[in-house]
Amino acid sequence: MSIILYITGLICLGFFSAKFLYWIIWTALGLAYWCAPTWLYFVLGIPALVFLLPMLRQRIVTAPLMKMIKAMGLLPVISKTEREALDAGTVWYEGELFSGNPDFKRLIEEEKYPELTDNEISFLEGPAEEVCAMTDDWLVYQKRDLPPEVWSYLRNEGFFGMIISKEYGGLEFSATAISAVIKKLSSRSIPLGITAMLPNSLGPAELLMHYGTPEQKEKLLPRLAAGKEIPCFALTEPHAGSDAGSLRARGEVFKDEGGELKIRLDWEKRYITLASRATLIGLAFKLFDPENLLQRGTELGICCGLIPAETPGITTGRQHDPLNVPFFNCPFEGDNVVVGVDILVGGPSRVGQGWRMLMEQLAAGRGIMLPASATAGTQMAARFVGAYSMVRKQFGMSIGKFEGIEEPMARIGGAAYTLEATRRFTCGGLDGGAKPAVASAIAKYNFTEIMRDVINDAMDICGGAGISRGPRNLLAHAYFAAPISITVEGANILTRTLMVFGQGAIRCHPFAENEITALENGDVKHFDFAFFGHIRHIITNLSRSLVMNITRGHAASVPFEGRLRRDYQKLSWASSRFAILADVAMVSYGGDLKRKEMLTGRFSDALSGMYIASALLRRFEAEGRNKEDYPLYRWSMENALHNIQKGFDGLYANFDMPIVGAFLRGPIGFFARINGLSKGPSDKMTQRVARIMQQQGDQRDRLTEGLYMPTNENDAFAKLEMAYRASLAADKVAARIKDAIRKGELPRRAPISLLDEALGKGIINENDVAIVTRAEELRTDAITVDSFSESEYLATALDGGW
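As the structure is a prediction and not an experimental result, all values here were calculated from the model. (Residues numbered from 1 in each chain as written. Predicted model: local features only at pLDDT ≥ 70, side-chain atom pairs only at ≥ 80, totals over all residues. Heavy atoms only, no water.)

(A) Region of the structure containing the pattern of salt bridges. On inspection of all chains with the given rule, the structure shows 38 salt bridges. Two residues, Lys184 and Glu129, come together in a salt bridge whose shortest N-O distance is 2.8 Å. A residue pair is termed long-range when its members are at least 10 positions apart, and Lys184 in helix α11 (residues 175–188) and Glu129 in helix α8 (residues 118–134) qualify at 55 residues. (Salt bridge = Lys/Arg side-chain N within 4 Å of Asp/Glu carboxyl O. Helix = DSSP H or I, 4+ residues; strand = E, 2+ residues; numbered from the N terminus.)

(B) Looking closely at the nonpolar core. Ile412, Phe578, Phe603, Leu607, Tyr633, Phe648 and Ile737 are the most contacted members of the largest nonpolar core, which totals 129 residues. Counting residues per element, this core draws most heavily on helix α18 (residues 437–462), at 13 residues. With 91 residues, the next largest nonpolar core counts Leu146, Val150, Leu306 and Ala364 among its residues. (Core = buried A, V, L, I, M, F, W, Y, C linked by side-chain atoms within 4.5 Å. Buried < 20%, exposed > 50% of the residue type's maximum accessible area, 1.4 Å probe, protein only.)

(C) Summary view of the packing of helix α25 (residues 597–622) against helix α26 (residues 630–654). At a closest axis distance of 8 Å, the pairing of α25 and α26 adopts a crossing angle of 160°. One way to sum up the angle between α25 and α26 is to call them roughly antiparallel. Judged by the sense of rotation from one axis to the other, the crossing of α25 with α26 is left-handed. Contacts from Leu599, Arg602, Phe603, Ala606, Gly609, Met610, Ile612, Ala613, Leu616, Leu617 and Phe620 in α25 reach Tyr630, Tyr633, Ser636, Met637, Ala640, Ile644, Gly647, Phe648, Gly650, Leu651 and Asn654 in α26. Of the residues that constitute the contact of α25 with α26, the class distribution is 16 nonpolar, five polar and one charged. (Axes fitted to C-alpha atoms, helices over the stretch in contact; angles between N-to-C directions. Parallel < 35°, antiparallel > 145°, perpendicular 65-115°, else oblique. Left-handed = near helix turned anticlockwise from the far one by under 90°. Contact = heavy atoms within 4.5 Å. Nonpolar A, V, L, I, M, F, W, Y, C, P; charged D, E, K, R; others polar.)

(D) Structural detail: the state of the cysteines. All told, the structure shown has zero disulfides when counted by the stated rule. The cysteine Cys232 is free of any disulfide, with Cys330 supplying the nearest cysteine sulfur at 8.3 Å. For Cys232, a relative accessible area of 4% puts it in the buried group. (Disulfide = S-S within 2.5 Å.)

(E) Seen up close, unusual backbone geometry. Not every positive phi belongs to a glycine, and Glu172 is a case in point at roughly 55°. Along the chain, Glu172 turns up in the loop between α10 (148–156) and α11. One non-glycine residue with positive phi stands out, namely Asn336, at about 55°. Relative to the helices and strands, Asn336 is located in strand β7 (residues 329–340). Residue classification places Asn336 among the partly exposed residues on the basis of a relative accessible area of 43%.

(F) Molecular detail of the packing of aromatic side chains. Here the structure, examined in full by the defined rule, presents 26 aromatic pairs. Seen in terms of ring centroids, Trp151 and Phe160 are 6.4 Å apart; in terms of plane orientation they differ by 65°. Their pairing is edge-to-face. We note that Trp151, like Phe160, is buried. With centroids separated by 6.4 Å and ring planes inclined at 45°, the aromatic side chains of Tyr153 and Phe159 adopt a geometry described as tilted. Judged by relative accessible area, Tyr153 falls into the buried class, the value being 18%. (Phe/Tyr/Trp six-rings, centres within 6.5 Å; stacked < 30°, edge-to-face > 60°.)

(G) Main features of empty space enclosed by the protein. Evaluation of the coordinates by the stated rule reveals four cavities of 30 Å³ or more. Empty space within the largest cavity amounts to approximately 160 Å³. If you go around the largest cavity, you meet 15 residues; those closest to its centre are Phe384, Arg472, Asn473, Ala782 and Thr784. Among the elements of the structure, α16 (369–391) and α30 (716–742) are those that each provide at least two residues to the lining of the largest cavity. It is α30 that provides the largest number of residues to the lining of the largest cavity, a total of three residues. Its residues placed into classes, the lining of the largest cavity shows nine nonpolar, three polar and three charged. (1 Å grid on protein atoms, 1.4 Å probe; cavity = no way out; pocket = protein on both sides within 12 Å on 5 of 7 lines; lining within 4 Å. Points joined across faces, edges and corners; volume = space filled by probe spheres on them.)

Here it is in structure tokens:
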């Protein structure tokens with residue numbers, strides 16, 4: 001019993017992250033209790049004294065340890081480009097998840113839950129609504145471009161200057177507002193959303209706002225804000241995709257005949273959105289100065305430049321066709337393009353800082369644009385499928401009543417609630433001044449992957465109505481576009497396996513980056529602090545994880561009561577498990593961990609799940625724990641916890657290091673599987689979410705808030721909504737007829753065929769007959785799919801067909 005109590009004391013010391021002195025005291029008490037021999041005090045006391053005195057420890061332990069770690073390559077070697085990527089942006093709430101003991105008071109009380117200003121709301125309800133009404137998505141696809149009047153409206157109303165400050169004529173919107181605008185526009189037409197998105201994401205305006213010289217800002221920002229300049233930004237090349245550091249675009253500094261400094265540029269770019277329409281080209285290139293004219297060396301690194309599109313030597317005009325989605329995505333070249341050094345963003349003083357500029361802006365931008373577009377597609381699918389499942393009938397009942405339909409419907413509804421929660425949460429961090437590279441990568445990856453799954457589910461539910469293109473089809477274009485968002489701003493495979501955990505393990509870990517930096521610099525003092533802090537961190541999380549696993553998270557102290565308390569505890573439990581597994585992986589694999597991409601991908605899945613669960617808690621708390629929305633929250637939370645558990649299960653099953661791997665694959669993994677966070681949403685909760693999507697009311701409206709809802713009765717979406725409302729009213733009449741059938745007052749036939757008999761017997765009245773008749777008319781129109789005459793069908797074929 002005394003041994004058990006002693007070990008329990010050690011675990012408590014670790015759980016509460018006790019200082020080393022308390023460990024010495026507890027050890028001494030144990031030795032005294034068991035009457036240990038005097039020599040044992042000396043054997044243990046001398047090393048304890050060394051570790052207790054920092055200067056002695058650094059000389060005897062830390063310095064030799066640093067040499068050994070360097071020799072064995074236990075810590076990863078970080079290249080210059082990797083270092084710049086790591087240093088870009090900031091660590092935000094994701095750092096709490098890496099800590100093993102997240103601060104939930106910070107999550108709920110300190111992290112801003114963003115609201116729009118009156119000016120931003122007016123813009124959403126005014127110009128954003130108007131430009132959506134001006135856009136016919138089917139015609140955009142048929143004409144392969146937005147209408148000229150829409151282009152003019154976007155320019156004149158400031159859509160291209162949402163990120164530009166008011167000082168230079170822009171709208172100076174918050175990240176939340178920009179996200180809301182892009183969401184609304186994308187819900188109407190994906191090309192419309194993309195066109196407004198690009199000038200406000202990584203490109204000339206953002207680079208100028210953060211790094212431009214005063215002269216560059218004064219000259220270009222007002223023109224960009226007014227839409228007099230259309231920008232693009234060119235990074236990707238045939239030989240530089242995900243490995244953007246391998247750019248071949250080249251600039252060379254020289255003096256012209258008049259003695260003025262110039263740059264001669266050559267490049268070949270592809271996948272550049274708006275390139276064929278742009279008047280101002282943002283360009284990433286490597287700059288060389290063979291004569292050292294700038295006095296900064298001969299190889300100056302990656303730079304960003306802003307070049308007028310009419311500059312001689314630039315060839316544009318060709319167009320990619322990204323899965324038939326009509327936005328301007330183009331290859332283009334520059335051959336012997338001569339420009340002044342004033343095209344360098346920030347001027348010559350910022351030479352070589354281009355890669356850092358790009359990484360810093362992507363650290364924020366990834367969390368705004370694509371997540372907004374993905375949320376729009378997901379919420380649209382939820383709204384559309386909810387209505388369609390009630391309007392479309394088979395076997396005498398709405399298809400939404402079948403459990404086989406309810407299951408994918410709930411996935412769509414849960415995703416809509418989840419993405420809106422995570423969108424608002426992420427934008428709140430950005431509006432608070434954070435530039436969280438890891439959180440933005442989590443958002444980009446998960447939003448676009450979830451949206452792709454949602455569109456597939458929606459297509460399955462709608463069947464032939466989903467695959468038959470035409471002005472009535474509200475899903476096909478989103479289905480075409482889904483892989484595009486997966487690919488851009490960092491391909492999702494790379495984002496999941498390298499960026500989320502690869503960067504996070506170093507950037508968000510409390511000690512890892514400091515250890516690496518101190519090791520690189522040979523700084524014994526700082527390495528000593530970081531390394532032994534890391535050891536303490538490991539012991540703390542090992543103890544916490546052990547206690548949390550035994551108690552299933554009930555030991556977690558969380559500052560909130562009520563039915564969400566258990567979710568906070570489970571998230572704390574998951575964080576402690578994640579933190580210790582991350583440290584085990586870093587210690588076991590060392591510098592090779594970044595090449596174990598299947599493992600890092602599973603770490604990313606677990607981290608993503610924890611981030612999403614935090615966003616769900618934040619939303620439900622911010623909205624006052626609305627009881628009506630609890631089924632949506634519960635389904636989404638169980639799904640997030642289940643995804644975290646799947647990530648952990650994959651990690652336990654695939655650690656292949658000797659001894660450690662055997663324990664993780666064996667007893668530890670087995671215990672973790674049977675003692676999991678969640679088995680996923682229950683069937684009962686799945687049905688409740690599906691019914692929320694089918695029922696008219698505030699819940700359905702909140703689930704799909706912020707979309708463009710057309711008022712033109714000839715619009716396909718408006719027709720479906722009218723048929724949906726009419727069908728709900730008709731179902732109430734049908735319910736009375738079915739009740740009469742059960743009582744034997746009417747024969748057993750389809751209710752629609754018994755209207756006259758029911759009217760004659762006074763079971764329904766004339767108004768009821770009118771309701772059902774009108775509903776059937778609207779239902780028939782709503783489920784009609786598009787078809788074309790042969791001449792119409794061939795009108796879009798090359799030269800009219802063969």
